[in-house]
Amino acid sequence: MRYLSSLALGLSAILTPTLASAQAYQCNAPRVSSVPKISPNGQTRKLPITGYTMALSWSPAFCRTRQDSRSHRTQCSGDNGRFGLIVHGFWPESRGSWPQWCPTQGRLTPAETRRNMCMMPSTRLIARQWAKHGSCMTKRPETYFKVTRILWDSYRIPDYDRISREDGLTAGRIRQAFADANGGIPANAVGVKLNRDGWLEELRICYGVRFRPVRCDAKRFGARDGSRAKIWRGL
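Structural notes, computed from the coordinates. Computed from a predicted model, the values in this text were never measured in an experiment. (Residues numbered from 1 in each chain as written. Predicted model: local features only at pLDDT ≥ 70, side-chain atom pairs only at ≥ 80, totals over all residues. Heavy atoms only, no water.)

Re the packing of aromatic side chains
Phase 1: Following the criterion strictly, the structure yields ten aromatic pairs and no others.
Phase 2: Here the basic side chain of Arg45 rests over the ring of Trp98, its NZ or CZ set 4.6 Å away from the ring centre.
Phase 3: The aromatic ring of Phe62 is capped on one face by Arg66, whose charged end is 3.9 Å from the ring centroid. (Phe/Tyr/Trp six-rings, centres within 6.5 Å; stacked < 30°, edge-to-face > 60°. Lys NZ or Arg CZ within 6 Å of the ring centre and 35° of its normal.)

In structure tokens form, the structure reads like this:
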């Protein structure tokens, strides 16, 4: 846990955001007056951390049937902006398993929640990611989200709207486009999750314990390169 705190300073110097890092198409973070209470839906697992996964959800596909959902209003209504990839979660790994729901005295505040709403446009999602995953990585939610933001801001997001129009689109093309846009991340460190109909749901960037990109295991790698894929534009 101490390592994550010191790492935040090092990452800030190494991973400098660029003007080309396109995260939300637009974003107007809403006011946050309270933080949702999250109840664990699984057992506590305190395990040694051997790596990390950054899960990036493709928002147009998620919001395809949720434009009128009150619980997903910030992300899907369009009132607070339009989103492409968002952070679904930043997860610790442990040799094929994962730590979760660790006891913590750290308290997530409304101010810290709002600070992350353009990266993770859901107060419940933010609160859950801290309670389930961040609590096993560091004592303070501010540290967990700071490291998440540093990594997030360092990514250069490909023009997946344009790529979605390509003939014969595959999971490998989606994967390689992200790797090409982010020179320090090899294609084998980029997982691609498709739904059962072949629509892009999520990218998963795999890291070792010192936050260097590493080859994803089969579960995180997801769809094989030759798998036919589709990207819902929704714009």
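What about the pattern of salt bridges?
Phase 1: Scanning the entire structure with this criterion turns up ten salt bridges.
Phase 2: Of the charged contacts in the structure, one is a salt bridge between Arg204 and Glu202, with a shortest N-O distance of 2.7 Å. The burial state of Arg204 is the same as that of Glu202; both residues are buried.
Phase 3: Where Asp217 meets Arg220, a salt bridge forms, and the shortest distance between an N and an O atom there is 3.3 Å.
Phase 4: The exposure class of Arg220 is buried, given its relative accessible area of 14%.
Phase 5: A network of salt bridges, in which partner residues are shared, links Glu112, Arg115 and Arg149. (Salt bridge = Lys/Arg side-chain N within 4 Å of Asp/Glu carboxyl O. Buried < 20%, exposed > 50% of the residue type's maximum accessible area, 1.4 Å probe, protein only.)

Focus on the sheet that holds strand β1 (residues 51–58)
Phase 1: Ordered in space as β2-β1-β4-β3, the four strands form an open sheet in which the pairing is antiparallel. At either margin of the open sheet sits one strand with a lone partner, and together these are β2 (85–93) and β3 (190–194). Neighbour to neighbour, the strand axes of the sheet diverge by 20 degrees on average, direction disregarded.
Phase 2: Pairing analysis gives seven bridges linking β1 to strand β4 (residues 200–208), with the strands arranged antiparallel. Looking at β4, one finds that Met54 is bridged to Ile205.
Phase 3: On top of the sheet, helix α6 (residues 141–154) reaches β1, β2 and β4; it is set at about 125 degrees to β2, its chief contact. (Pairing = 2+ DSSP bridges. Helix = DSSP H or I, 4+ residues; strand = E, 2+ residues; numbered from the N terminus. Axes fitted to C-alpha atoms, helices over the stretch in contact; angles between N-to-C directions. Contact = heavy atoms within 4.5 Å.)

Quick word on α6
Phase 1: Look at α6: 20 Å from first C-alpha to last across 14 residues, which is about the 20 Å you get at 1.5 Å a residue.
Phase 2: Burial of α6 is extensive: ten of the 14 residues sit out of reach of the surface.
Phase 3: What α6 keeps buried is the set Pro141, Thr143, Tyr144, Phe145, Val147, Thr148, Ile150, Leu151, Trp152 and Ser154. (Expected span 1.5 Å × (residues − 1).)

Comments concerning unusual backbone geometry
Phase 1: A positive phi angle, close to 50 degrees, is found at Arg95, a residue other than glycine.
Phase 2: With respect to the element layout, Arg95 can be found in the loop between β2 and α4 (110–115).
Phase 3: Phi angles above zero are rare outside glycine, and Trp101 is one such case at about 50 degrees.
Phase 4: Examined against the element boundaries, Trp101 turns out to sit in the loop between β2 and α4.

Description of the state of the cysteines
Phase 1: Under the criterion given, the structure shown has four disulfides.
Phase 2: One disulfide in the model links Cys102 with Cys136; its S-S distance is 2.1 Å. Disulfide Cys102-Cys136: the torsion about the S-S bond is 100 degrees, which places it as right-handed. Of this pair, Cys102 sits in the loop between β2 and α4 while Cys136 sits in the loop between α5 (123–132) and α6, placing them 34 residues apart in sequence. Here the two residues Cys102 and Cys136 agree in accessibility, since each one is buried.
Phase 3: For the protein, the disulfide bridges join cysteines in the arrangement 1-5, 2-3, 4-6, 7-8, where the cysteines are counted in sequence order. (Disulfide = S-S within 2.5 Å.)

Quick word on the nonpolar core
Phase 1: The biggest cluster of nonpolar side chains holds 45 residues, and the ones touching the most others in it are Leu56, Tyr155, Tyr160 and Phe178.
Phase 2: Those elements that provide at least two residues to this core are β1, β2, α5, α6, α7 (160–163), α8 (171–181), β3 and β4.
Phase 3: Here this core takes five residues from α6, the largest share from any one element.
Phase 4: Excluding residues that lie within four positions of it along the chain, Phe178 makes contacts with Leu56, Tyr155, Arg156, Ile157, Pro158, Tyr160, Ile185, Val190, Leu203 and Ile205. (Core = buried A, V, L, I, M, F, W, Y, C linked by side-chain atoms within 4.5 Å.)

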